[in-house]
Amino acid sequence: MRSAWIVLLTTAAVLPIAANDTLATLGAGGLVPLKSSNIVMESEDLEVSVHQITVRYVFRNVSDHDIDATVAFPLPELDGGLVENEPIHLPSAQPLNFVGFRVMVDGKVVSTQVEARAFKDNREITADLLSLGMPVSPLDARIRGVFVRLSAADQNRLLRNGWMVGCSGVDDSECWPYWQVRIQYHWTQRFPAKSRVNIEHVYRPVVGGSYIIRGNDGEWSVKPYCGGADALAAIEKANALHPVAHGSDTLLLERRIQYILTTANNWSGPIRSFRLAIISDSPEDIVATCMPGVKRTAPTRYELARSNFRPDRELDVLILQAAAK
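So, here's what we can say about the structure. Fair warning: this is a prediction, and the values are worked out from it, not measured in the lab.

What counts, and where the lines are drawn
Residues numbered from 1 in each chain as written. Predicted model: local features only at pLDDT ≥ 70, side-chain atom pairs only at ≥ 80, totals over all residues. Heavy atoms only, no water. Phe/Tyr/Trp six-rings, centres within 6.5 Å; stacked < 30°, edge-to-face > 60°. Helix = DSSP H or I, 4+ residues; strand = E, 2+ residues; numbered from the N terminus. Lys NZ or Arg CZ within 6 Å of the ring centre and 35° of its normal. Pairing = 2+ DSSP bridges. Salt bridge = Lys/Arg side-chain N within 4 Å of Asp/Glu carboxyl O. Buried < 20%, exposed > 50% of the residue type's maximum accessible area, 1.4 Å probe, protein only. Core = buried A, V, L, I, M, F, W, Y, C linked by side-chain atoms within 4.5 Å. Contact = heavy atoms within 4.5 Å.

Quick look at the packing of aromatic side chains
Tallied over the entire structure, the rule returns eight aromatic pairs. Considering the side-chain rings of F59 and W267, the 4.3 Å spacing of their centres and the 40° angle between planes classify their relative orientation as tilted. Pair noted here: F59 is in strand 7 (residues 53-61) and W267 is in the loop between strand 19 (250-260) and strand 20 (271-279), with a separation of 208 residues, a long-range link. Here the aromatic residues Y57, F59, F191 and W267 are joined through ring pairs into a cluster of three or more. Residue placement shows R182 over the ring face of F119; its charged tip is 3.9 Å from the ring centre.

Listed below in structure tokens is the structure:
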């Protein structure tokens, strides 16, 4: 026999976060996590760099019947105001797939469905936007065109609620959506009884960051990522190799990546075998993370291997790279 589960996505995260695959169900108050009692995550191989995230899973259905379930993947929550005002580089211009997400099951590309929901001040406004003909993603290039064709009353509603900002009617070049969108990819997956399923997904992370100027010891940058004496010594070495020309010159660029690990706890039991690899671009890059047990195994590779792993924190990675000359 087969069990049919009607499940959708759990939570979305704030930039620059991306997340594990997970299960969820539709409750009376909205989408809520669902914990599986029959599907085990036998292994997760996670490879992280500033250019690409690759995750390879092996799941096993331990029950004696096939299970059809919806596996879901949340993209980072995207804030229209943040995109407008902060130096954020989005890997893709696609309004509903700005990280270029794709998924393979047992080596074959899977067609996914997408759900996009808009929020302002934690209140959902998806239906309001759709009723006005507005696209849900703040990245959609059609938004300004739709806005100028709306009635004056509808335009005022958008402006009054703070959903659109900078729309003067005279020069709307700075007219911009200021709501947040939570985008989630999901697909129906069959887990055959007593069998394994290999799921792999690949995407490009939204990398946050700032910079360290020459002469700065960098402690304020590395401390939140548990960077200790070794990281500070590496920054001091970089300062010595690049004597100060101007006090405001950039010495190192910060590359911050966060990956949600804890949704793995929605599957049955711990991750039987967890392997993490962080890849830097250069042996001179400085890598810091509070994830215990990560060791440098090659000039540009840092690894962690754990058995029966129950993540109790998210993965936060800082990579400091020399500024372009």
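This is not the end of the story, as more comes after the structure.
Section: the pairing of strand 12 (residues 113-120)
Pairing analysis gives seven bridges linking strand 12 to strand 16 (residues 180-191), with the strands arranged antiparallel. Residue F119 lies in a different strand from strand 16, and its bridge partner there is Q180. Bridging between strand 12 and strand 13 (residues 123-124) involves two bridges; their strand directions are antiparallel. Across the sheet, F119 pairs through a bridge with E124, a residue of strand 13. Taking the residues between adjacent antiparallel strands as the criterion, strand 12 and strand 13 are bridged by two residues, where D121 takes a positive phi near 55°.

Brief notes about the pattern of salt bridges
Inspection of the entire model under this criterion finds 14 salt bridges. Here D140 makes a salt bridge to R142, at a shortest N to O gap of 2.8 Å. By relative accessible area, R142 is classed as exposed at 55%. Its salt-bridge partner being R301, residue E303 comes within 2.5 Å of it at the nearest N-O pair. Residue E303 is classed as partly exposed on the basis of its relative accessible area of 30%. On the basis of relative accessible area, R301 is assigned to the partly exposed category, the value being 28%. Shared partners join several salt bridges into a network, and the residues in it are E42, R60 and R196.

Describing the nonpolar core
Residues L46 and M134 are the most contacted members of the largest nonpolar core, which totals 65 residues. The residues touching M134, leaving out its near neighbours within four places in the chain, are L129, I143, V146, F147, L150, L158, M164 and W179. The next biggest cluster of nonpolar side chains, apart from the first, holds 12 residues, and it includes V222, L252, I286 and L318.

Thoughts on the sheet that holds strand 23 (residues 301-309)
In a beta sheet, neighbouring strands pair by backbone hydrogen bonds and run either parallel or antiparallel. Spatial ordering of the open sheet is given by 11-10-17-7-6-20-23-22, a layout of eight strands whose pairing is mixed. Each having just a single partner strand, strand 11 (108-109) and strand 22 (295-298) make up the two edges of the open sheet. In the sheet, strand 10 (residues 102-105) pairs with strand 11 via two bridges, with the strands oriented antiparallel. Opposite V105, over in strand 11, you have K108 as the bridge partner.

Any link to function would need more than the numbers given here.
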